[in-house]
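Coordinate inspection notes
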Amino acid sequence: MKTELIDKMTMEQLQRTYRAYTELAAMYEDVCGGPWKARAHREYFGIMDSRTKIYQRYTTLERINHGNGDK
């Protein structure tokens with residue numbers, strides 16, 4: 001997922017999208033027989049990368065909303 005899109009999302013949208021990417025990762029892992037075997041698929045890396053970006057953006061917004069952020 002493009003960073004530009006992630007940056008436009010609300011916290012609720014980020015939560016929903018994070019859950020969706022987590023479910024996608026779990027599907028790959030279930031079908032492939034675990035995370036190590038899922039790594040044989042480049043799409044899995046894309047899912048995990050996007051999920052990480054979403055999580056980072058969410059935590060940044062959370063810090064800002066609670067008055068603890070530097071950004």
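Look up a bit, the structure's there.
The notes below deal with the structure included here. What you are looking at is a predicted structure, and each value in this text was computed from that prediction instead of being measured.

1. Focus: the pattern of salt bridges
Taken as a whole and assessed by the stated rule, the structure comprises two salt bridges. Notably, a salt bridge pairs D7 with R57, separated by 3.8 Å at the nearest N-O pair. Of this pair, D7 sits in helix 1 (residues 3-8) while R57 sits in helix 4 (residues 42-65); the two residues are 50 residues apart in sequence, bridging distant segments of the chain. The partly exposed category is assigned to D7, whose relative accessible area is 39%. The partner of D49 in a salt bridge is K53, and the shortest N-O contact between them spans 3.4 Å. You can see D49 and its partner K53 sitting in helix 4, four residues apart, about one turn around the helix.

2. Things to note about the side chain of S50
Its place among the elements puts S50 in helix 4. The exposure class assigned to S50 is buried, which follows from its relative accessible area of 3%. Not counting residues up to four positions away in its chain, the partners in contact with S50 are M1, I6 and Y21.

What counts and how
Residues numbered from 1 in each chain as written. Predicted model: local features only at pLDDT ≥ 70, side-chain atom pairs only at ≥ 80, totals over all residues. Heavy atoms only, no water. Salt bridge = Lys/Arg side-chain N within 4 Å of Asp/Glu carboxyl O. Helix = DSSP H or I, 4+ residues; strand = E, 2+ residues; numbered from the N terminus. Buried < 20%, exposed > 50% of the residue type's maximum accessible area, 1.4 Å probe, protein only. Contact = heavy atoms within 4.5 Å.

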